[in-house]
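# Geometric and topological summary
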Amino acid sequence: MGRARTLAQVYRQFAEVDAAGTSPLYERVALALSGSDEALRAIEAAPARRRQPALVLAALHDLALSGRAPALAAAYAAGDGDAAAGAAIDVLVRMADAVAAIAARRQPRTDETGRCAVLYPAVAEVARRVGADAVGLVDVGCAAGFNLVVDRVAIAYGNGQSLGDPASPVRVSCSVVGDRPVPTRALPEIVARVGVDPDPLDVTDPDDARWLRACLWPDAPDRSERVARLDAETALAAAVSPVLLRGDVVDLLPDAFARVPAHALPVVTTTWALSRLSPEGRLRFLHRLDEAASGRPVAWVSVEGVGVAPAIPTLGDRRASGHSTIGLAVFDGATVRAEAVGRCWSRGRLVAWPADC
């Protein structure tokens, strides 16, 4: 019962803090789950690290979208919180194994193309520093490969600057903090797009595509816009057919590098991916980059919390400061040149670029 009470508090907090004022449906459902012993026991059928509300609610939503939980789907469509709460408890009790299986396999997925507002100028800058005419992108923690279409997104900055493809159906807005502009060099040709992830999502696979939609809250105020954007992102990713490698992201790096043609600069990108690794794992990651650079230069663009990315300076900022550091590193033989070039907030919605690039 001690575990159940703790889990109940987690779901109550999600209802009262995360969902309140944003999703009346999830607020009502999470609150109902927190007060149901049967539901909490069913949630405990999932592995201990896979019981968080965002993941379990997405698993329930996935079952609704797949047609396996029609009452829950109907309640979501009607915006009926009480009916959704009752249906969610019923699904958890009757289909505990199915919910646990989805939660054990999947990760909650969030909007990713917004990161392109940070990645585009950073990748272009690190390519300039190496003098590369072509690059091969290797995205760590790629999810659905949306970071790999960075060159095909239209990016508008609040100071009037723009990057990317102005005709793109995927449009990203980003505010610029401070007086320094964002570098506006164009990306060189991208000749390889490789993603490594423990559970990569193939947007051409119906189950994977449905999971992306299941991670959208059913009554978010801007749900229709999010769905339309997801559809456009999915189409872009499907058009470039990125190579997606499944497994340990550090162990997969040599295979990923091998898929980048010899004439191109491998550019590894990490956007809040290293925080999922242990400190030892982060050092292993760095060692892999160093190993790969014995034969040709390798670049790394990092967008991570302050102090998370090894070898990247912190600009004097404190850890857990509420923003992330944009870092560039070039590995060339035994030489490593690493620099922090900027800061960003809100997953790339705000950026500051103090470096002279």
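Data block above holds the structure.
All figures in this text were calculated on a predicted structure; none of them were measured in a lab.

### Considerations on the overall build of the chain
Along the backbone of the chain there are 12 helices and 11 strands. Against the globule reference of 21 Å for 357 residues, the chain gives a C-alpha radius of gyration of 21 Å, in line with a compact fold. Taken along the three principal axes of its C-alpha coordinates, the chain extends 60 × 40 × 40 Å. Of all 357 residues assigned to the chain, the portion counted as buried reaches 53%. Considering only residue pairs separated by 6 or more positions, the chain has 72% of its internal contacts joining residues 24 or more positions apart.

### Considering the nonpolar core
L33, I43, L60, L63, L72, L92 and W211 are the most contacted members of the largest nonpolar core, which totals 52 residues. If one sorts the elements of this core by residue count, helix α4 (residues 53-65) sits on top with 8 residues. The contact partners of L60, leaving out residues within four places of it in the chain, are L72, A88, V91, L92 and V99. Judged by nonpolar contacts, the second largest core, of 44 residues, contains A127, L148, V149 and V182.

### Observations concerning the sheet that holds strand β9 (residues 324-332)
Taking strand neighbours across the sheet as the criterion, the 11 strands line up as β3-β2-β4-β11-β10-β9-β8-β7-β1-β5-β6 in an open arrangement whose pairing is mixed. The two strands at the open ends of the sheet, each matched to only one other strand, are β3 (162-164) and β6 (243-246). The sheet shows a mean angle of 25 degrees between the axes of neighbouring strands, taken without regard to direction. When strand β4 (residues 171-176) meets strand β11 (residues 350-352), the two strands line up parallel, connected through 2 bridges. Within the sheet, the bridge partner assigned to S175 lies in β11 and is L350. Those strands touched by helix α8 (residues 116-130) are β1 (134-140), β2 (154-157), β3, β4, β7 (265-271), β8 (298-305), β9 and β10 (335-345), and its axis lies near 25 degrees from that of β9.

### Thoughts on the environment of A117
Counting through the fold element by element, A117 comes out in helix α8. Separated by 28 residues in the primary sequence, A117 and G145 have C-alpha atoms spaced 16 Å apart. Beyond its immediate chain neighbours, meaning those up to four positions away, A117 contacts I155, Y157, V172, C174 and G348.

### Structural notes on the layout of surface pockets
Here the second largest pocket is characterised by a volume of approximately 600 Å³. In terms of lining, the second largest pocket is formed by 26 residues, of which the most central are Q107, P108, R109, W272 and R276.

### Overview of the pattern of salt bridges
For the structure on display, the rule yields 25 salt bridges. In this structure, E125 and R185 form a salt bridge, with 2.9 Å as the shortest nitrogen-oxygen distance. In this pair, E125 is assigned in helix α8 and R185 in the loop between β4 and β5 (189-197), connecting sequence segments 60 residues apart. Assessed through its relative accessible area of 31%, R185 is described here as partly exposed. Between R213 and D231 there is a salt bridge; the shortest N-O distance is 2.5 Å. A residue pair is termed long-range when its members are at least 10 positions apart, and R213 in helix α9 (residues 206-214) and D231 in helix α10 (residues 223-240) qualify at 18 residues. One salt-bridge network, in which partners are shared between bridges, spans R105, R106, D199, D208 and R246.

### Focus on unusual backbone geometry
Positive phi values are uncommon outside glycine, yet S346 reaches one of about 50 degrees. In this fold, S346 is placed in the loop between β10 and β11. Residues other than glycine seldom take positive phi values, yet R347 does so here, at roughly 55 degrees. Mapped onto the secondary structure, R347 falls in the loop between β10 and β11. You can call R347 partly exposed: its relative accessible area is 41%.

The rules we used
Residues numbered from 1 in each chain as written. Predicted model: local features only at pLDDT ≥ 70, side-chain atom pairs only at ≥ 80, totals over all residues. Heavy atoms only, no water. Helix = DSSP H or I, 4+ residues; strand = E, 2+ residues; numbered from the N terminus. Rg over C-alpha atoms; globule rule 2.2 N^0.38 Å. Buried < 20%, exposed > 50% of the residue type's maximum accessible area, 1.4 Å probe, protein only. Contact = heavy atoms within 4.5 Å. Core = buried A, V, L, I, M, F, W, Y, C linked by side-chain atoms within 4.5 Å. Pairing = 2+ DSSP bridges. Axes fitted to C-alpha atoms, helices over the stretch in contact; angles between N-to-C directions. 1 Å grid on protein atoms, 1.4 Å probe; cavity = no way out; pocket = protein on both sides within 12 Å on 5 of 7 lines; lining within 4 Å. Points joined across faces, edges and corners; volume = space filled by probe spheres on them. Salt bridge = Lys/Arg side-chain N within 4 Å of Asp/Glu carboxyl O.

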